[in-house]
Amino acid sequence: MASLAAAVSLKPPLPSSSSSSSFPSSIAPVSTNYSKISAISFASTRNAPNICFARFAGKRAGLVVMAAAPGDLTDELIQSIKEAEEVCAGDSAGECAASWDAVEEISAAAFDKRQQAKAQSDPLETYCKDNPETDECRVYED
Amino acid sequence: MACAAAASAATLAGGASPTLTCCRAEANLCTASSLTRVALSSRSNVMPFVSQFRGHAVCSSLTAASTDILPVQSFIGNGRQRSVSNLVVICKAGSDQTIVIGLAADSGCGKSTFMRRLTSVFGGAAVPPQGGNPDSNTLISDTTTVICLDDYHSLDRTGRKEKGVTALDPRANNFDLMYEQVKALKQGKSVQKPIYNHVTGLLDPPELIAPPKILVIEGLHPMYDARVRELLDFSIYLDISDAVKFAWKIQRDMAERGHSLESIKASISARKPDFDAHIDPQKKYADVVIQVLPTQLIPDDNEGKVLRVRMIMKEGVEYFEPVYLFDEGSTISWIPCGRKLTCSYPGIKFFYGPDIYYDNEVSVLEMDGQFDRLDELIYVESHLSNISTRFYGEITQQMLKHADFPGSNNGTGLFQTLVGLKIRDVYERILAKESSTVTASKV
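Since this is a predicted model, take the numbers as computed values, not measurements.

### A short note on the overall build of chain A
Move 1: A count of helical and extended segments in chain A gives three helices and three strands.
Move 2: Starting at the N terminus and ending at the C terminus, chain A contains elements arranged as β-β-β-α-α-α.
Move 3: Residues classed as buried in chain A amount to 29% of the 142 residues present.
Move 4: Taking contacts inside chain A between residues at least 6 apart in sequence as the whole, the part at least 24 apart equals 50%.
Move 5: Accessible surface, chain A: about 9,100 Å² in total, of which carbon and sulfur atoms supply 55%.

Here it is, written out as C-alpha cells:
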C-alpha cells in the first residue's frame, strides 16, 4: 500500500521526532492534549506503522505514536494474507479459496473490533441512543 | 379451555414430587412436561407457586405474557388450602409461539446494520448475552434473539483450510444440528447452541439459548436446507451486487493495515465461485429480496455512495402484504422532487411494478438516490402504502433514531426499516390467528 503522505507542516519539532523504524510499538501517546490537535494524518508505511503526525493548534507539531491495541488482529491479518498468497501460488484451487476465505473472516472480525472500540467510547451515549425514554437519558430544555 | 376435560391433576400430596400437566390448546393434547425452564413473571403470586414445587418444572414455554394460572393461585402458597389435591395449569396458547425469521446475508453475523434496525423496530437494543462468552455472536433483546448460523460450522478455520473448503460450502456446516435446534426453539425448548468464535476461528463451548418470541437466524445458509426452510415463517435475502460489494469492502478494509487493493480483489474473487454455487440459489426461496445495485442517476459512478435499492416482494405469502406505491399491481415511476420538494443532486427516483422473479410473481419497489433532508423522508413515507406502521411518521422516526447507521440516507436504510415493520406485522398477525383459534375452540 503506498504510503499516504503526511500533509502537515512541522514547526520546530521535538528533538526525538525522526520517524525511524526503531520505535517500539508499545509507546503510549506522548501527548494527551487531543483537543488541541487540529489535523492528524496517518503516515502508514511498512517500516513505520502506527505513527501519525499531529499538528497541535498551529503552535508546535509533535509526534504522536498510537500503539497497536492488545488483541489487535492486524498481525494475524497480515500473516493470513501472506499465507493465502503463498497457497494460491500453488495449484490447489480449494485451498486457495479457503485461505482467502479465512482472510475475509479475519478482516470482518478486525472491522467489528474497531467498531466495538469506537462504540465503547461513551457508553451513556450508546445506551441513550437506543433508549431515549429512560430516566438517565431524558433531556430537559429549561 | 377445550382440553380442560382431559386435564389431568397433579397431586399435592405431602412430600411427593408433583408432575405438572400442561395443556396446549391448539394441539388439544395434554403432555406431561418435566422440562427445565421456569420463567417467572413479575407478579408475586407466581412466586409461591414455584417455591412450593421446589423448583420442579413447569410448562417449558410459559413466559410472563402467557401464563394464566388463574384457578391455581388459590391452591398454593398460603398453606391454607394444602389439602386441595387437584391442580390445573392453564397455558394460554398463542403467546408462546415463536416465529422464526431467516436472513441470508454475507456480511457477518448479528452486528450488521440490518439486525440493529430490525431489533430496534421491536423495541430495545439487542445485546450479546451477559456473562457469557465475549465473542458470542448471539444478540438478545426483550422480544428478539438473533442467532448467527456460523455457529453451526462443522469445521473450524484450520479444519476448513485442511480440507480446502470455504465457509460458504455446505460441507463446512452441520445442517442436522441447525434443523434440530431451530425446531426445538420454535417449539419453545431451550437449546445449547455451539459458538463459532470469529476472532480465533475455533468452535467454543456451547451457550444456552432460551426460546424468544421472535427468533432470527442470520447467516449464509438459512434457506439452504429444505427442513430448515419449512420452519421459517418469513425469509429475507440481502443481495449485494458485485460492484457495490467491492466498493464496500474497499471502504472497510483499506483502513486496515495489511490489505492492499489486490488482496481485497483476490479475496472477493476467490469466494465468488462458492458463493454463486451455494448461497446465490437461496434467492428464489426468499419472501423478500433486497437488491443493492450501483445508482443509475450518476453516469459512471463507481464510489458506491449513491445506491439503487430494489425490494422484491413475493406475492401470495401468508400474513405478508407487499408495500406499494399509488396502486397495487400497477407500474409507476415517481420522482418526488419537484415543486413541493426540492432535492439536491442526484435526487430521488422511485419505481414500483409487478414482475416475475425466478418463476414467482413478485412486486418490486425500487429507490434510487439519497435523502438529505427530513421532509423528503416524511414526504416519501406519506405516499407509500401497506407499510404496516402504527402511526404516521414511524418510518421516519426509526430512520432518524439511527441516523448514524450506514445507509440511513438511502434505500438500504429505508427498505431495511420497512422489512422490520413488515416482520412485526407478520408476528402480530400470527399471534392474532393463534388467539382466534383458541377462542374458537373454547366455544
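### Some thoughts on the interface of chain B and chain A
Move 1: At the junction of the two partners, chain B supplies 32 residues and chain A supplies 33 residues.
Move 2: Summed over both sides, the interface of chain B with chain A buries roughly 3,100 Å², with 54% coming from carbon and sulfur.
Move 3: For the interface between chain B and chain A, the tally reads eight salt bridges.
Move 4: For the salt bridge of Asp101 of chain A with Arg160 of chain B, the shortest nitrogen-to-oxygen distance reads 3.6 Å.
Move 5: At the junction of chain B with chain A, the criterion picks out eight residue pairs in polar contact (both at pLDDT 80 or more).
Move 6: Elements with a minimum of two residues in the side of chain B that touches chain A: helix 3 (157-163), helix 6 (242-253) and helix 7 (261-279) of chain B.
Move 7: The element that contributes the greatest number of residues to the side of chain B that touches chain A is helix 7 of chain B, accounting for five residues.
Move 8: For the side of chain B that touches chain A, a count of residues per class yields ten nonpolar, nine polar and 13 charged.

### Structural notes on the packing of helix 2 (residues 93-119) of chain A against helix 6 of chain B
Move 1: It is at 10 Å that the axes of helix 2 of chain A and helix 6 of chain B come closest, and there the two elements cross at 60°. By the angle class used here, helix 2 of chain A and helix 6 of chain B are oblique. Crossing of helix 2 of chain A over helix 6 of chain B shows left-handed handedness. The residues of helix 6 of chain B that touch helix 2 of chain A, namely those facing Glu104, Ser107, Ala108, Phe111 and Arg114 of chain A, are Lys249, Arg252 and Asp253 of chain B.
Move 2: Of the residues that constitute the contact of helix 2 of chain A with helix 6 of chain B, the class distribution is two nonpolar, one polar and five charged.

### A few points about the packing of aromatic side chains
Residues and elements named next belong to chain B.
Move 1: Counted under the stated rule, the structure contains five aromatic pairs over all chains.
Move 2: Judged by centre distance (5.2 Å) and plane angle (20°), the ring pair of Phe175 and Tyr224 falls under stacked. Remark: Tyr224 occurs in the loop between strand 9 (214-219) and helix 5 (226-231) and Phe175 occurs in helix 4 (residues 175-186); sequence separation between them is 49 residues.
Move 3: Centroid distance Tyr357 to Tyr358: 4.8 Å. Interplanar angle 90°. Geometry classified as edge-to-face.
Move 4: Classification of Tyr357 as buried rests on a relative accessible area of 15%.

### Here's the deal with the sheet that holds strand 15 (residues 348-357) of chain B
All names here are of chain B.
Move 1: Judged by pairing direction, the sheet is mixed, and its ten strands sit side by side in the order 5-6-9-4-10-11-12-16-15-14 without closing on themselves. Here the strands that pair on one side only, and so sit at the sheet edges, are strand 5 (139-140) and strand 14 (332-334).
Move 2: Bridge analysis of strand 11 (residues 288-294) against strand 12 (residues 307-314) gives seven bridges, and the strand direction is antiparallel. Across the sheet, residue Val288 finds its bridge partner in strand 12, namely Met313.

### Things to note about the nonpolar core
Nonpolar side chains in soluble globular proteins tend to be buried together.
Move 1: Core analysis: the largest hydrophobic core is formed by 54 residues, its most contacted members being Met311, Phe350, Leu365 and Phe415 of chain B.
Move 2: Ranked by residue count, the leading element in this core is helix 10 (residues 411-442) of chain B, at nine residues.

### Focus: the packing of helix 2 of chain A against helix 7 of chain B
Move 1: Taken N-terminus to C-terminus, the directions of helix 2 of chain A and helix 7 of chain B make an angle of 120°; their axes are 8 Å apart at the nearest point. With respect to each other, helix 2 of chain A and helix 7 of chain B are oriented oblique. Handedness of the crossing formed by helix 2 of chain A with helix 7 of chain B: left-handed. When helix 2 of chain A is examined against helix 7 of chain B, the residues Ala97, Trp100, Asp101 and Glu104 of chain A are found in contact with a partner set consisting of Ser263, Ala266, Ser267, Ala270 and Arg271 of chain B.
Move 2: In terms of residue class, the contact of helix 2 of chain A with helix 7 of chain B is built from four nonpolar, two polar and three charged.

### Here's the deal with the state of the cysteines
Cysteine pairs can be covalently joined through their sulfur atoms, and such a bond is termed a disulfide.
Residues and elements named next belong to chain A.
Move 1: Scanning the model with the defined rule gives three disulfides over all chains in all.
Move 2: Covalently, Cys88 is tied to Cys96 through a disulfide, its sulfur atoms 1.8 Å apart. Torsion about the S-S bond of the Cys88 and Cys96 cystine: about 100°, corresponding to right-handed handedness.
Move 3: Relative accessible area serves as the criterion here: at 17%, Cys96 is assigned to the buried category.
Move 4: Each sulfur of the disulfide joining Cys128 and Cys137 lies 2.0 Å from the other. On the sign convention where negative is left-handed, the bridge of Cys128 and Cys137, at about -75° about the S-S bond, is left-handed. For the pair shown, Cys128 and Cys137 are each scored as buried.
Move 5: Sequence-ordered numbering of the bonded cysteines in chain A gives a disulfide pattern of 1-2, 3-4.

Reading the values: rules and limits
- Residues numbered from 1 in each chain as written.
- Chains lettered and ligands numbered in written order.
- Predicted model: local features only at pLDDT ≥ 70, side-chain atom pairs only at ≥ 80, totals over all residues.
- Heavy atoms only, no water.
- Helix = DSSP H or I, 4+ residues; strand = E, 2+ residues; numbered from the N terminus.
- Buried < 20%, exposed > 50% of the residue type's maximum accessible area, 1.4 Å probe, protein only.
- Contact = heavy atoms within 4.5 Å.
- Areas by Shrake-Rupley, 256 points an atom, 1.4 Å probe, with all protein chains shown as cover.
- Buried area = accessible area lost by both parts, 1.4 Å probe.
- Salt bridge = Lys/Arg side-chain N within 4 Å of Asp/Glu carboxyl O.
- Polar contact = N/O pair within 3.5 Å; in protein donor to acceptor, adjacent residues only side chain to side chain.
- Nonpolar A, V, L, I, M, F, W, Y, C, P; charged D, E, K, R; others polar.
- Axes fitted to C-alpha atoms, helices over the stretch in contact; angles between N-to-C directions.
- Parallel < 35°, antiparallel > 145°, perpendicular 65-115°, else oblique.
- Left-handed = near helix turned anticlockwise from the far one by under 90°.
- Phe/Tyr/Trp six-rings, centres within 6.5 Å; stacked < 30°, edge-to-face > 60°.
- Pairing = 2+ DSSP bridges.
- Core = buried A, V, L, I, M, F, W, Y, C linked by side-chain atoms within 4.5 Å.
- Disulfide = S-S within 2.5 Å.

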